[in-house]
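Residues per chain, in single letters:
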Amino acid sequence: MPSVADSSVFVLIGPGGVGKGTVARLLIERDSHLWLSRSWTSRSMRPSESGSEYVFVDRPTFELAVAEDRFYEWAEFHGNLYGTPIPSPPAGMDVLLEIEVQGAAQVKSRHPQSTVILLLPPSIEELESRLRARGDSDDHVHLRLGSSDAETAIGREIADFVVTNHTLEETITEILGILDSVRQSRD
Ligand code: 5GP
C-alpha cells in the first residue's frame, strides 16, 4: 500500500492572505505528480465555500480523531482546529500540504527530509489590500495582519525556500523549479 514514506513531502506556508490556496491549486493543476492533502477543520464553512475545501467537522469529532492519533500534524489557529490526516497518496505521487506554521514545524520534526516553502507577500501593504480584496472584515484583517509577523518569523526558521509572491505566474514557475530540484537530488 502506498504511503507517505515513499513520497516527497512539500509544505507550503505563509501568512493568511498571501495566496497559498491559489498557489496550491495551480501547482496541482500543473504538476501531475503532486497530490494535495485535504485537511480537516473544526471551523464552520464560509458562505463562499462549497464544502470541498476541507472535511468540516465539529470540535468533539476533531478531538476524537486527535485522541485516536489519526493526524500527521494538527494545530489550533485563531480558535479553530486544523489537521492533516495521515497522508495516503496514490503510488508515485508526492504530497503537498498547505498549512500554517505550527503544523509545518511538526511535519519537519516528524519527516526532516520534507521541504518547507515559505510564501511571502511583496509587502505588508500588499498583504492588507489582498485581505481586503477578498472581502475579509476589518476585524479579521487586523487579526490576520497581527499574526502575520509571528508566522513569518517562525516560517523563516523552518523554511528550506522562501518565495515572494509578486505575480502568480512567476511564483508558480519558481516553485515548480524548486520541486524539480528537490526530486532530482532525491532520485
Ligand atoms: P482558513 O481558515 O483561512 O481556511 O485557514 C487558516 C489557516 O489554517 C491557513 O494558514 C491554512 O493554511 C491553515 N491550515 C489549513 N489546513 C491545515 C492543516 O491541516 N493543518 C494546519 N496546521 N494548518 C492548516
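For the structure itself, look to the data block above.
Residues numbered from 1 in each chain as written. Predicted model: local features only at pLDDT ≥ 70, side-chain atom pairs only at ≥ 80, totals over all residues. Heavy atoms only, no water.

Enquirer: Explain the site of the ligand to me, using residue names and the numbers behind them.
Expert: The ligand sits among 16 residues. The nearest are Ser39, Arg43, Tyr54, Tyr82 and Glu100. Tyrosine 54 places a polar side-chain atom, nitrogen or oxygen, 2.5 Å from an oxygen atom of the ligand. The side chain of glutamate 73 places a nitrogen or oxygen atom 2.7 Å from a nitrogen atom of the ligand. Protein burial of the ligand: of its 520 Å² of free accessible surface, 94% is covered by the chains. Counting only elements with at least two residues in the shell around the ligand, the list comes to strand 5 (71-77) and strand 6 (80-85). For the shell around the ligand, a count of residues per class yields 5 nonpolar, 4 polar and 7 charged. (Near = heavy atom within 4 Å. Polar contact = N/O pair within 3.5 Å; in protein donor to acceptor, adjacent residues only side chain to side chain. Areas by Shrake-Rupley, 256 points an atom, 1.4 Å probe, with all protein chains shown as cover. Helix = DSSP H or I, 4+ residues; strand = E, 2+ residues; numbered from the N terminus. Nonpolar A, V, L, I, M, F, W, Y, C, P; charged D, E, K, R; others polar.)

Enquirer: Describe the environment of asparagine 165, naming the residues involved and giving the relevant values.
Expert: Note that asparagine 165 resides in the loop between strand 9 (161-164) and helix 6 (168-186). When the C-alpha atoms of asparagine 165 and leucine 118 are compared, they prove to be 9.9 Å apart, with 47 residues separating the residues in sequence. When residues no more than four places from it in sequence are discounted, the contact partners of asparagine 165 are Val18, Gly19, Val23, Leu119, Leu120, Pro122, Arg130 and Thr171. Here the side chain of asparagine 165 touches threonine 171 through a polar contact of 2.7 Å, side chain to side chain. (Contact = heavy atoms within 4.5 Å.)

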